[in-house]
Amino acid sequence: MALKLIDFYTRGFISGADFDAIAPEIESACAKIRERCGAGSDFLGWVDLPERYKTDPSAIEELAEIKKAAEKIRSMCDIFIVIGIGGSYLGARAAIEFIRSQQYNILPGSGPQIYFAGNSLSTFDTTNLIKLCSDENKNVCVNVISKSGKTTEPAVAFRIFRELLERRYGEEGARERIYVTTDRAKGKLLQLAREKGYKTFVVPDDVGGRYSVLTPVGLLPIAVAGIDIDAMLEGASAAREDALKPGSDAVKYAALRNLLLRSGKQVEIFASYESRMAMVAEWWKQLYGESEGKDGKGLYPASVIFSTDLHSLGQYIQEGTRNIFETVLYIKNSAPDLPIPADPGDVDGLSFLEGKPLEFISKNAFLATLLAHYEGGVPNIVLTLDSADEYNLGYLFYFFEYACAVSGYILGVNPFDQPGVEAYKNNMYALLGMPGAENEARRQALLQRLESASIF
């Protein structure tokens, strides 16, 4: 098993009787996944996805097409722009930084530089990315990822970068450099791709965005980074096999989260000891925040990177409001040993560490922090991952996806919809002047309400 859950540091907060009491709810939640009978069951395609890539001829062919496209992009492009927001980019970026590091664009031998656009409306960020792409010595490719093609942030970014490519290479040249990941059968983006002749990949109908990292949504950019997607899928397949077993760690994690919520904990802090985990944490926050934060329910997902954040948020975690718990991920074999050098003058008073690997210090910082926070009244769910490679990352992605579905059903919500995100979109479309009588009426009402605030 690539990942192991340790619940010792939740003792005193959760009892065996608590587990006995929640057992029927756990079984009901698992049955909803097995039998495809829960709310949102049309979006359970991710459950068997790792197996489909082994046995389903169309999925096997799709995987081969992803690898073929990735090799073409790697051979002809110096810069690869991935356009998407939320689940359309977080998983891919998380995987690339986890395997290649946050410095992947400047490390030798990594292939094209990979940048992400369409995940904000920042003029500053977009302008700087345009400058990078304007270097005539750099060939540029683009992958736009959007099921509808109408989400504002990626749609605007795609307009900008499609125009840049067509101006630079002409329509024919741009056709060879634009890849579209979108709906199988409908939508303006698919229509455009067919008209222009762009290579297309499918966002599966039965897989929602935040569960889509192991579909073409995530696999194409990950493969362009030179990452072994076969090994990732093998890890996910092993995680699926483990998760479906009675009493699995994925199910136990779902149960622990809900029991801690019922005990009065309102915030879950995802903690890790590697900067390479920063975007994995962002992916995790969307997965759990968007899946469970509805109907006035859910834990608030936050994240920290230790030991860095021990010098900023450590004080609050240690002695602040006792409404938090931590889920701590520790990678056992993160990197090759880096021994601490000798200093004859012992200026820092740390000569007792001479010759010891940096990993030894990190491990003991983890253990020291775990004990301090637990004894300070913060329950800790500990997850250990065998190593930082593709297999283990695929396992980790699937582990959290399965646990999230179970946890959402225990909580009593649909883990696969996100009705709340439409509120800001409807307001934004109205304020931007999208045509339509309903939008105009909303716009006038919003402007009237904003007038008193005098923001601009």
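Scroll up to find the structure this text is about.
Every chain begins its residue count from 1, and numbering advances along the sequence as written. Local features in a predicted model are, by the rule used here, given only for residues with pLDDT of at least 70; side-chain atom pairs are given and counted only at 80 or more, and totals for whole chains, interfaces and linings are based on all residues. No hydrogens and no water enter the side-chain calculation; it runs on all heavy atoms of the structure.

Draft legend 1. Broad picture of the overall build of the chain. In terms of regular secondary structure, the chain is built from 16 helices and ten strands. The quantity called the radius of gyration is restricted to C-alpha atoms. Its globule counterpart is 2.2 Å times the number of residues to the power 0.38. Whereas a compact globule of 456 residues would reach a radius of gyration of roughly 23 Å, the chain reaches 23 Å, a difference of no more than 12%. Oriented by its inertia axes, the alpha-carbon framework of the chain measures out at about 60 × 60 × 60 Å. Counting all 456 residues of the chain, 50% fall into the buried class. Long-range contacts, defined here as pairs at least 24 residues apart, represent 78% of the contacts in the chain between residues at least 6 apart. Strands here mean DSSP runs of E at least two residues long; helices mean DSSP runs of H or I at least four residues long; both are numbered from the N terminus. Categorising residues by exposure relies on relative accessible area from a 1.4 Å probe, with only protein chains included: less than 20% of the type maximum marks a residue as buried, more than 50% marks it as exposed, and the intermediate range marks it as partly exposed. The contact rule is simple, with two residues in contact once any of their heavy atoms fall within 4.5 Å.

Draft legend 2. Highlighting helix H1 (residues 16-34). Along its 19 residues, H1 runs 26 Å from first to last C-alpha, staying within 8% of the 27 Å computed at 1.5 Å per residue. Of all bends in H1, the biggest is about 45°, found at Ile22, and the proline Pro24 comes one to four residues later. The set of residues buried in H1 consists of Ile22, Ile26, Ala29, Cys30, Ala31 and Ile33. Those residues of H1 that are buried are in contact with helix H10 (249-262) and helix H14 (390-411). Following H1 by one or two positions, Arg36 has its phi on the positive side, about 55°. One less than the residue count of a helix, multiplied by 1.5 Å, gives the span that helix is expected to have. What the bend at a residue measures is the angle between two axes, fitted to the seven residues ending there and to the seven starting there.

Draft legend 3. Just the state of the cysteines, in detail. Cysteine sulfurs are considered disulfide-paired once they come within 2.5 Å of each other. Following the criterion strictly, the structure yields one disulfide and no others. Bridging Cys77 to Cys141, the disulfide has an S-S length of 1.8 Å. Its S-S torsion of approximately 40° makes the covalent link between Cys77 and Cys141 right-handed. One end of the pair, Cys77, is in the loop between helix H3 (57-76) and strand E2 (79-83); the other, Cys141, is in strand E4 (residues 140-145), with 64 residues separating them in the sequence. Relative accessible area serves as the criterion here: at 5%, Cys77 is assigned to the buried category.

Draft legend 4. The packing of helix H9 (residues 229-243) against H14, seen in detail. Here H9 crosses H14 at 40°, and the two axes come no closer than 6 Å. What the angle tells us is that H9 and H14 run oblique. Where H9 crosses over H14, the two elements pack in a sense that is right-handed. From H9, Ala231, Met232, Glu234, Gly235, Ala236, Ala238, Ala239, Arg240, Asp242 and Ala243 reach across to H14, where they touch Glu390, Tyr391, Gly394, Tyr395, Phe397, Tyr398, Phe399 and Tyr402. Residues were grouped as follows: Ala, Val, Leu, Ile, Met, Phe, Trp, Tyr, Cys and Pro as nonpolar; Asp, Glu, Lys and Arg as charged; and all remaining residues, including Gly, as polar. Of the residues belonging to the contact of H9 with H14, the class tally is twelve nonpolar, two polar and four charged. Orientation is described by axes fitted as lines to C-alpha atoms, over the contacting stretch for helices, and by angles from 0 to 180 degrees between their N-to-C directions. Roughly parallel refers to an angle under 35 degrees, roughly antiparallel to one over 145, roughly perpendicular to one between 65 and 115, and oblique to any angle outside these ranges. Handedness of a crossing follows from how the near helix is turned relative to the far one, being left-handed for an anticlockwise turn of less than a right angle and right-handed for a clockwise one.

Draft legend 5. Looking closely at the sheet that holds strand E10 (residues 380-387). The strand order E1-E10-E9-E7-E8 describes an open sheet built from five strands, whose pairing is mixed. The open sheet has two free edges, formed respectively by strand E1 (3-6) and strand E8 (300-305), since each of these has just one partner strand. Adjacent strand axes in the sheet meet at a mean angle of 20°, parallel and antiparallel pairs treated alike. Two strands qualify as a pair provided DSSP detects at least 2 bridges between them. In terms of strand pairing, strand E7 (residues 267-272) meets strand E9 (residues 324-333) through six bridges, oriented parallel. From the neighbouring strand, Phe270 faces E9, where its bridge partner is Thr327. Packed onto the sheet, H10 meets E1, E7, E9 and E10 and runs at close to 35° relative to E1.

Draft legend 6. Looking closely at the pairing of E9. Counting buried residues in E9 gives eight out of ten residues, a clear majority hidden from the surface. In this structure, E9 lies alongside E10, joined through seven bridges in parallel fashion. By the bridge assignment for E10, Glu326 is matched with Asn380. At this point the chain moves from E9, through helix H13 (residues 358-375), to the parallel E10, and the crossover so formed is right-handed. Throughout, right-handed denotes a crossover for which the path from the first strand over the helix to the second runs clockwise when the strands point away from the viewer.

Draft legend 7. Up close: the environment of Pro246. As for its position among the elements, Pro246 is in the loop between H9 and H10. As a C-alpha pair, Pro246 and Cys30 span 216 residues in sequence and 9.4 Å in three-dimensional space.

Draft legend 8. Region of interest: the pattern of salt bridges. For salt bridges, the criterion is a side-chain nitrogen of Lys or Arg within 4 Å of an Asp or Glu carboxyl oxygen. Taken as a whole, this structure holds 27 salt bridges when the rule is applied. Linking Glu27 and Arg34 is a salt bridge whose minimum nitrogen-to-oxygen distance equals 2.8 Å. Look at Glu27 and you get partly exposed, because its relative accessible area is 41%. For Arg34, a relative accessible area of 45% gives the class partly exposed. Salt bridges linked by common partners bring Lys147, Asp183, Lys186 and Asp205 together as one network.

Draft legend 9. Here's a closer look at the pairing of E2. For E2, the buried fraction is high: five of the five residues fall into the buried class. Residues Ile79, Ile81 and Ile83 point to one face of E2 and Phe80 and Val82 to the other, with burial holding for every one of them. Two strands pair when backbone bridges link them, and E2 and strand E3 (residues 113-117) are joined in this way by five bridges, in the parallel orientation. Bridging across to E3, Ile79 finds its partner in Gln113. Considered for its hand, the β-α-β crossover made up of E2, helix H4 (residues 90-100) and E3 is right-handed. For E2 and E4, the ladder comprises five bridges, and the chain directions are parallel. Residue pairing across strands places Ile81 opposite Val142, the latter belonging to E4.

Draft legend 10. Up close: the nonpolar core. Trp46 and Phe400 are the most contacted members of the largest nonpolar core, which has 99 residues in total. No other element matches H14, which puts 14 residues into this core. The contact partners of Trp46, leaving out residues within four places of it in the chain, are Asp206, Val207, Tyr211, Tyr398, Glu401, Tyr402, Ala405 and Phe416. Remark: nonpolar core denotes a set of buried residues (Ala, Val, Leu, Ile, Met, Phe, Trp, Tyr, Cys) joined through side-chain atoms within 4.5 Å. Judged by nonpolar contacts, the second largest core, of 23 residues, contains Ile83, Cys133, Leu164 and Tyr169.

Draft legend 11. Main features of helix H11 (residues 278-292). The first and last C-alpha atoms of H11 sit 21 Å apart over 15 residues, in line with the 21 Å expected at 1.5 Å per residue. Along H11, the positions that sit buried rather than exposed are Met279, Val280, Ala281, Trp283, Trp284, Gln286, Leu287, Tyr288, Ser291 and Glu292. The elements touched by buried residues of H11 are H4, H10, E7, E8 and H14.

The analysis is restricted to geometry; functional conclusions fall outside its scope.
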